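This is what each chain is made of:
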Amino acid sequence: MNTPVPPRRRALSWGGDVGLIVAGTLFDIAALVNVPGAWEVAEAEGEISVTDFGTGLALLVVAAWITVRWRRTAPWVTVIAGALLAVVGISYVLLLIGAVSLARRRPDRLRPIALVTAGAVLLFAVREAVTDWGSALPWYFGRSLGAQYEPAWIVMSFVWALLALGVAAAVVAQSRVKARAAQSEIRADREHRRADAATEQVVRQAERERIARDMHDALAHRLSVVSLHAGALEAAAAAGQGDGGGTGDIARTVREQTHAALQDMRGLIGDLRRGDEAPPALPASMRAIGMLLADLRAGGAPVVPYVVLESPERAGALLDGAVFRIVQESLTNALKHAPGARIDVFVQVRPADGARIRIENPLISGMNGATVPAYAAPAYPVPGGGNGTLGIRERAQALDGTAWIGAHEGLFIVDVTLPWHESV
């Protein structure tokens, strides 16, 4: 697809071509003095006039220089016209213009184009030095005819030829520099677009991972509580305790947690629909830890908390949300893997020290005396996919914190330390 040329640029191009055609035509008509038989000496001394043969050559000059208009699209036409004028002996200016245009269009053929053009120009100078051609220089600069055989004019012919070749070479070199700069700019723009696409892909991946962590931390906690209490309902029903008050409490907890899970899911979907600029719908704040622990204790979970939050309103959004999510996921793991076991919760957040989170639940003795986590016990365990501990480590790493997760002295421990991040 061709890019349309702006009218102003098209007008400038036409104007430049017309100016070049007029200047070149006048120059070569004046250079007809070079060609024997194209002029004759008038009666008045020092004056010459154009012959009929010269008039025909002048018409040839006009026709040849008109090809300058197509030097960009069909440089071979200009080269052939310039070569014809050079062979006749008028000048090699049009040949150089065509050769420069051809070298721009075919940079892969630069060497043969340069060799052929240089050879043609030097042969033109040699002909001026050893034949009757070449009277233009002594006539216009010395007002003498037939002086082209003098050493000074012979040297001048070669000097002019070398200067013309040097100018043509400089024009070609400048064009190649511009072409390389344009190609470099195109490559840089292409690489910039690739970098932007890669950055966008990384951002999207990070956003997907964030959404996955939020969904896991929020919904897994709710659904773990629901699963545990559903198992308790099943056990109560099997024991014939369907009319007890405890069963009603369990059923109420299941209903409340199911409703909360549904609200969490709606909030996440709302975030996705509103985009990145929408505020988070989930209450992921360390100030909601008390409510989280109260819900668990109301549902019968044996949670022993120690929570100290100093100036939580000063904490940055990332730190604020990370503290809540880490506590939430650690409790979810304890509920899933050690149902009914005591859970010790230690959370301390201070601007001077940062955040320290430590969640502990006991291990039990497995078969053959081996110590295994409590979730190996057959007490309504909830299966896990291992994404919870991975999410905890990712959140700690994102804030330049540390996370130690594993078994130690009969306990399964989640111990996370986060540096303080001030709200901006």
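Just so we're clear, the structure is a prediction, and the values are computed from it rather than from any experiment.

Here's the deal with the overall build of the protein chain
Then comes step 1: Each helix and strand counted, the protein chain has 11 helices and 8 strands in total.
Then comes step 2: Buried positions account for 38% of the 424 residues belonging to the protein chain.

Some points on the packing of helix α9 (residues 289–298) against helix α10 (residues 317–337)
The relative placement of two packed helices is expressed as an angle between their axes plus a distance between the axes.
Then comes step 1: Contact geometry for α9 and α10: axes closest at 10 Å, N-to-C directions at 15°. As far as their axial angle goes, α10 and α9 are roughly parallel. Taken as a pair, α9 and α10 cross one another with a handedness that is right-handed. On α10, the residues touching I289, L292, L293 and L296 of α9 are V323, F324, V327, Q328, L331 and L335.
Then comes step 2: When its residues are assigned to classes, the contact of α9 with α10 shows 9 nonpolar, 1 polar and no charged.

Overview of the nonpolar core
Then comes step 1: Judged by nonpolar contacts, the single largest core of 35 residues is most densely connected at V323, L331 and L418.
Then comes step 2: Secondary structure elements with two or more residues in this core: α9, α10, β4 (343–350), β5 (354–365), α11 (387–398) and β8 (411–418).
Then comes step 3: Per element, the largest residue contribution to this core is 9 residues, and it comes from α10.

Overview of the environment of R358
Then comes step 1: Counting through the fold element by element, R358 comes out in strand β5.
Then comes step 2: C-alpha of R358 to C-alpha of T417: the two residues are 59 residues apart in sequence and 8.7 Å apart in space.
Then comes step 3: Once residues lying within four places of it in the same chain are set aside, the contact partners of R358 are D344, V345, F346, I413, V414 and D415.
Then comes step 4: Here D415 takes part through its side chain, which lies 2.7 Å from a polar atom of the side chain of R358.

Remarks on the pattern of salt bridges
Then comes step 1: Under the definition given, this model contains 13 salt bridges.
Then comes step 2: Close ionic contact of D17 with R69 constitutes a salt bridge, the shortest N to O distance being 2.8 Å. In this pair, D17 is assigned in helix α1 (residues 7–30) and R69 in the loop between α2 (52–66) and α3 (75–88), connecting sequence segments 52 residues apart. Taken as a pair, D17 and R69 share a single burial class, namely buried.
Then comes step 3: Ionic pairing is found between D17 and R72, a salt bridge with its closest N-O pair at 3.1 Å. Of this pair, D17 sits in helix α1 while R72 sits in the loop between α2 and α3, placing them 55 residues apart in sequence.

Things to note about the packing of α3 against helix α4 (residues 93–105)
Then comes step 1: Relative to each other, α3 and α4 sit at 155°, their axes nearing to 7 Å. The pairing of α3 with α4 is recorded here as roughly antiparallel in orientation. In this structure, α3 crosses over α4, and the sense of that crossing is left-handed. From α3, P75, W76, T78, V79, A81, G82, A83, L85 and A86 reach across to α4, where they touch L94, L95, G98, A99, S101, L102 and R105.
Then comes step 2: The residue inventory of the contact of α3 with α4, partitioned by class, reads 11 nonpolar, 4 polar and 1 charged.

Section: the packing of aromatic side chains
Then comes step 1: Evaluated as defined, the whole model comprises 2 aromatic pairs.
Then comes step 2: Judged by centre distance (5.0 Å) and plane angle (90°), the rings of Y92 and F124 are edge-to-face. Highlighted residues: Y92 in the loop between α3 and α4 and F124 in helix α5 (residues 110–130), separated in sequence by 32 residues.
Then comes step 3: Taking the relative accessible area as the measure of exposure, F124 reaches 5% and is therefore buried.
Then comes step 4: Measuring from centroid to centroid gives 5.3 Å for Y306 and F346, while their planes differ by 5°, and the two rings are stacked. Taken together, the residues Y306 in strand β3 (residues 303–309) and F346 in strand β4 connect sequence positions 40 residues apart.
Then comes step 5: Residue F346 is classed as partly exposed on the basis of its relative accessible area, which comes to 29%.
Then comes step 6: Between R127 and the ring centre of W133, over which it is positioned, the NZ or CZ distance is 5.2 Å.

The rules we used
Residues numbered from 1 in each chain as written. Predicted model: local features only at pLDDT ≥ 70, side-chain atom pairs only at ≥ 80, totals over all residues. Heavy atoms only, no water. Helix = DSSP H or I, 4+ residues; strand = E, 2+ residues; numbered from the N terminus. Buried < 20%, exposed > 50% of the residue type's maximum accessible area, 1.4 Å probe, protein only. Axes fitted to C-alpha atoms, helices over the stretch in contact; angles between N-to-C directions. Parallel < 35°, antiparallel > 145°, perpendicular 65-115°, else oblique. Left-handed = near helix turned anticlockwise from the far one by under 90°. Contact = heavy atoms within 4.5 Å. Nonpolar A, V, L, I, M, F, W, Y, C, P; charged D, E, K, R; others polar. Core = buried A, V, L, I, M, F, W, Y, C linked by side-chain atoms within 4.5 Å. Polar contact = N/O pair within 3.5 Å; in protein donor to acceptor, adjacent residues only side chain to side chain. Salt bridge = Lys/Arg side-chain N within 4 Å of Asp/Glu carboxyl O. Phe/Tyr/Trp six-rings, centres within 6.5 Å; stacked < 30°, edge-to-face > 60°. Lys NZ or Arg CZ within 6 Å of the ring centre and 35° of its normal.

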